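Descriptive analysis of the structure
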Amino acid sequence: MTQKLRRKKVLLDSILPLNGSGAIGRQTARSLRASHPELAFVIGGRSLAKSDKAAADIGDAQGVVLDPTSDDLGLGDRPLSLKKS
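Nothing here was measured: the structure is a model prediction, and the numbers come from that model. (Residues numbered from 1 in each chain as written. Predicted model: local features only at pLDDT ≥ 70, side-chain atom pairs only at ≥ 80, totals over all residues. Heavy atoms only, no water.)

**Here's the deal with the overall build of the protein**
Quick note on the threshold: Elements are defined by DSSP. Helices are runs of H or I of four residues or more, strands are runs of E of two residues or more, and each kind is numbered from the N terminus. Categorising residues by exposure relies on relative accessible area from a 1.4 Å probe, with only protein chains included: less than 20% of the type maximum marks a residue as buried, more than 50% marks it as exposed, and the intermediate range marks it as partly exposed. Whether two residues touch is decided by their heavy atoms; if any such pair falls within 4.5 Å, the residues are in contact. All accessibility values rest on the Shrake-Rupley procedure with a 1.4 Å probe; residue burial counts only the protein chains present in the view.
Each helix and strand in the protein was counted, giving two helices and four strands. Taken from N to C terminus, the helices and strands of the protein fall in the order β-α-β-α-β-β. Burial statistics for the protein: of 85 residues in total, 32% are counted as buried. The contacts of the protein with a sequence gap of at least 6 include a subset with a gap of at least 24, amounting to 53%. Taken as a whole, the protein presents about 6200 Å² of accessible surface, with 51% of it coming from carbon and sulfur.

So, in structure tokens, the structure goes:
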């Protein structure tokens, strides 16, 4: 018996790869960028310099410093679709 998989349409505001400035996170962000070129990307990490560098490498993205102790990760009211990389 063969089952067909249905893809649900998901509306995303933007994508935030957590630890997106590391080697694996950056590769994940590149793959997501290739799949979703129309979305805004926010690259989160512990270092703003590394996050900014990864954002520039990925293109059309913004680097941010994450605060894991904050309920909103230190991002305020920014609408995001969280993806753990």
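**Considering unusual backbone geometry**
The phi dihedral of Asp60 falls on the positive side, at around 50 degrees, and the residue is not glycine. Counting through the fold element by element, Asp60 comes out in the loop between helix 2 (48-58) and strand 3 (61-65). One non-glycine residue, Leu73, adopts positive backbone phi at about 60 degrees.

Scope: geometric values only; no functional claims are made or implied.
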